[in-house]
Amino acid sequence: MKSLQSFIQELGYGVAALVLLAAPIAVYFFIIDPSVSASTASIFRWDSIVDITTIVLFVGLAFTRTIKCAVNATTVRPYVKSFLQRLSSTYEEVSSKQGQRGPATQMGSAVNPTVGLSIKNMWVAHTAKRAWAVRGASLDCNSGEILVVVGDGGAGKSRLLTAIGEELLSPTKQSRSTAKARGSVSIGGMDSSRWNSEQLKRKVGLVLSDIHTDADRADFMSGSTLGEILDPSNAENKDDASYSPSAGAKKAMSNALLITGLSSSLLPKLPSKLSTVVTANEDDLSPSSLRPNGELLSPGQWKKLLLARVLAEVIFENDVSSRGAPMQGSVLLLDDVTTHLSESEESKLFQMLRQSGAATVLTSNKWATGRLGDKVVVIQDGAIVESGTHDELLSLGPQQSLYASKWFAMAS
């Protein structure tokens, strides 16, 4: 319908242009040189033809450009209007939430930092289509535990993590991809609806895996130093040349690098350590007086760095951490973060996450990753079809357990 409307408009503009293009010819023959119109043969004088052609050419080009701009403006206008309306509604929604934050959650008997994350009978629908994203999911993950969510491609692992994340972080309606129909989500034994929204956000670390999003983030952060990328503080003077992260921020960055393994695999190789400029683009390696020399990071290193960035923020904001457990009482939702890791790196990451004290829900496309978790959940078509420890699911046998059948198929 829009294309037909644009065609009719362009046709109308074309007719108007033809009429206007005829005006210079009429002016030339009837006003500038009326004698030309008296003789038909004089129309074909070469000097007249050249003059007319030149005038028509320039006027025609001008009108053609004008027509294209007018049509494009008419076509784009609805999109611009829609964007401004969405921007306005999002601003109003954010302002409304800031005015209704409510009192801070009292950390006492109501919240138990060791309980972690609990989900009961969670049903979540897609916002873009009439279909369930999550169907009746229930799971528990205590602090210091790692729950591994496995399943075939397209089974709904990322959708489950997205639904949990959106329930806890409460993004704006425009950015939501899911809508909870029923069920409950709680942290520390208290339902998410009873938490102060700002406090709850500081308890959650969310990493969603998307190859395009990861690449865009890496491109966006290229040209920054490692310390600038990891710095979790929101200091207003970050851009000042004299700025230095606080002791708490430095400790959070150090712990994040240790958990991800970057403190031993990357940091020693960097000439200026945290002050080293890193990039994802090979073009940035060419010498230039306009920018400092950078260190090129591989996609796997960028994935670790983006994970470390999230961990640093959670550690920095955590207010109940205990000695040796910097994320005690926090929840990590990690989507397929072990893709680029070797088996030894993966095992080390699990060990460090467990020691951090966080309740970690980690999805993986590798069924073998389940053996490293404290609990395993198998998801199929948005529903949890199996749950238990690695040994418990294997004991059911390949006839009774999808997880066991996948495991034995890999082992054979």
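This text follows the structure it describes.
Structure report, in brief. Note that residues are indexed from 1 along each chain, following the sequence as it is written. Where local features are concerned, this predicted model is filtered to residues with pLDDT of at least 70; where side-chain atom pairs are given and counted, the filter is 80 or more; whole-chain, interface and lining totals use all residues. Hydrogens and water are ignored here; the side-chain numbers use all heavy atoms of the structure.

1. Let's talk about the overall build of the protein chain
Inference 1: Strands are runs of DSSP state E lasting at least 2 residues, helices are runs of H or I lasting at least 4, and numbering of each runs from the N terminus. Assigned secondary structure in the protein chain consists of 13 helices and 12 strands.
Inference 2: Exposure classes here rest on a 1.4 Å probe applied to the protein chains alone. A residue is buried below 20% of its type maximum, exposed above 50%, and partly exposed in between. In the protein chain, buried positions account for 39% of the 412 residues.
Inference 3: Any two residues whose heavy atoms approach within 4.5 Å at even a single point are treated as in contact. Sequence-distant contacts in the protein chain: of pairs separated by 6 or more residues, those separated by 24 or more amount to 68%.
Inference 4: To measure how exposed things are, a 1.4 Å probe is used in the Shrake-Rupley method; for residues, cover is taken only from the protein chains shown. Of the accessible surface of the protein chain, which amounts to about 22800 Å², a share of 56% is contributed by carbon and sulfur atoms.

2. Observations concerning the packing of aromatic side chains
Inference 1: Think of it this way: a Phe, Tyr or Trp ring, Trp meaning its six-membered ring, pairs with another when their centres are within 6.5 Å, and the plane angle makes it stacked under 30 degrees, edge-to-face over 60, tilted otherwise. All told, the structure shown has 2 aromatic pairs when counted by the stated rule.
Inference 2: Seen in terms of ring centroids, Trp123 and Trp132 are 5.0 Å apart; in terms of plane orientation they differ by 70°. Their pairing is edge-to-face.
Inference 3: You can call Trp132 partly exposed: its relative accessible area is 37%.
Inference 4: With a centroid separation of 6.3 Å and 45° between ring planes, the pair formed by Trp367 and Tyr403 is classed as tilted. Residue Trp367 is located in the loop between β10 (359–364) and β11 (375–380), and its partner Tyr403 is located in helix α13 (residues 402–411); the two are separated by 36 residues in the primary sequence. For the pair Trp367 and Tyr403, one class covers both residues: buried.

3. A word on the sheet that holds β11
Inference 1: Strands are treated as partners if at least two bridges between them are detected by DSSP. An order of β6-β9-β10-β3-β11-β12 is seen for the 6 strands of this open sheet, with the pairing classed as mixed. Two strands close off the open sheet at either side, each with one partner strand: β6 (204–207) and β12 (383–388). Adjacent strand axes in the sheet meet at a mean angle of 15°, parallel and antiparallel pairs treated alike.
Inference 2: In terms of strand pairing, strand β9 (residues 331–335) meets β10 through 5 bridges, oriented parallel. Axis lines are fitted through C-alpha atoms, for helices just across the contact stretch, and the angle between N-to-C directions can take any value from 0 to 180 degrees.

4. A short note on the sheet that holds strand β2 (residues 132–141)
Inference 1: Reading across from one edge, β2-β1-β4-β5 is the order of the 4 strands in this open sheet, with antiparallel pairing throughout. This sheet does not close on itself; its edge strands, each paired only once, are β2 and β5 (190–191).
Inference 2: Across 8 bridges, the pairing between strand β1 (residues 117–126) and strand β4 (residues 178–187) is antiparallel. Note on β4: the bridge partner recorded for Leu117 is Ile187.
Inference 3: This element, helix α4 (residues 157–169), spans β1, β2 and β4 of the sheet and lies at about 105° to β1.

5. A word on the environment of Asn365
Inference 1: Here Asn365 is to be found in the loop between β10 and β11.
Inference 2: For Asn365, a relative accessible area of 46% corresponds to the partly exposed category.
Inference 3: Residues Asn365 and Val150, 215 residues apart in the sequence, show an inter-C-alpha distance of 6.2 Å.
Inference 4: Contact partners of Asn365, with chain neighbours within four places excluded, come to Gly151, Lys157 and Asp336.
Inference 5: At 3.1 Å, the side chain of Asn365 and the side chain of Lys157 are in polar contact.
Inference 6: For this analysis, a polar contact is any N or O atom pair within 3.5 Å, provided that within protein one partner can donate a hydrogen and the other can accept it, and provided that sequence-adjacent residues contribute only side-chain to side-chain pairs. Within polar-contact distance, the side chain of Asn365 engages the side chain of Asp336 at 3.2 Å.

6. Some thoughts on the pairing of β4
Inference 1: As paired elements, β4 and β5 share 2 bridges and run antiparallel to each other. In the strand pairing of β5, Ser186 is matched with Asp191.
Inference 2: Linking two consecutive strands that pair antiparallel, namely β4 and β5, is a turn of 2 residues; a positive phi of about 65° is found at Gly188 within it.

7. Looking at the packing of helix α8 (residues 247–260) against helix α11 (residues 343–356)
Inference 1: Relative to each other, α8 and α11 sit at 140°, their axes nearing to 8 Å. Relative to α11, the element α8 lies oblique. Residue-level contacts link Leu258, Ile259 and Thr260 of α8 to Leu349, Met352, Leu353 and Ser356 of α11.
Inference 2: When residues are sorted by character, Ala, Val, Leu, Ile, Met, Phe, Trp, Tyr, Cys and Pro go into the nonpolar class, Asp, Glu, Lys and Arg into the charged class, and all the rest, Gly among them, into the polar class. Looking at the contact of α8 with α11 residue by residue, the class counts come to 5 nonpolar, 2 polar and no charged. The cut-offs work like this: below 35 degrees is roughly parallel, past 145 is roughly antiparallel, 65 to 115 is roughly perpendicular, and the gaps in between are oblique.

8. Things to note about the packing of α8 against helix α10 (residues 299–317)
Inference 1: In contact at an axis separation of 8 Å, α8 and α10 are set at 135° when each is read in the N-to-C sense. Considering their axes alone, α8 and α10 lie oblique with respect to each other. Judged by the sense of rotation from one axis to the other, the crossing of α8 with α10 is right-handed. Facing α8, whose interface residues are Gly248, Ala249, Ala252, Met253, Asn255, Ala256, Ile259 and Thr260, α10 presents Lys304, Leu307, Ala308, Leu311, Ala312, Ile315 and Phe316.
Inference 2: A per-class count over the contact of α8 with α10 returns 11 nonpolar, 3 polar and 1 charged. Here a crossing is taken to be left-handed if its near helix is turned anticlockwise relative to the far helix by less than a right angle, and right-handed if that turn runs clockwise.

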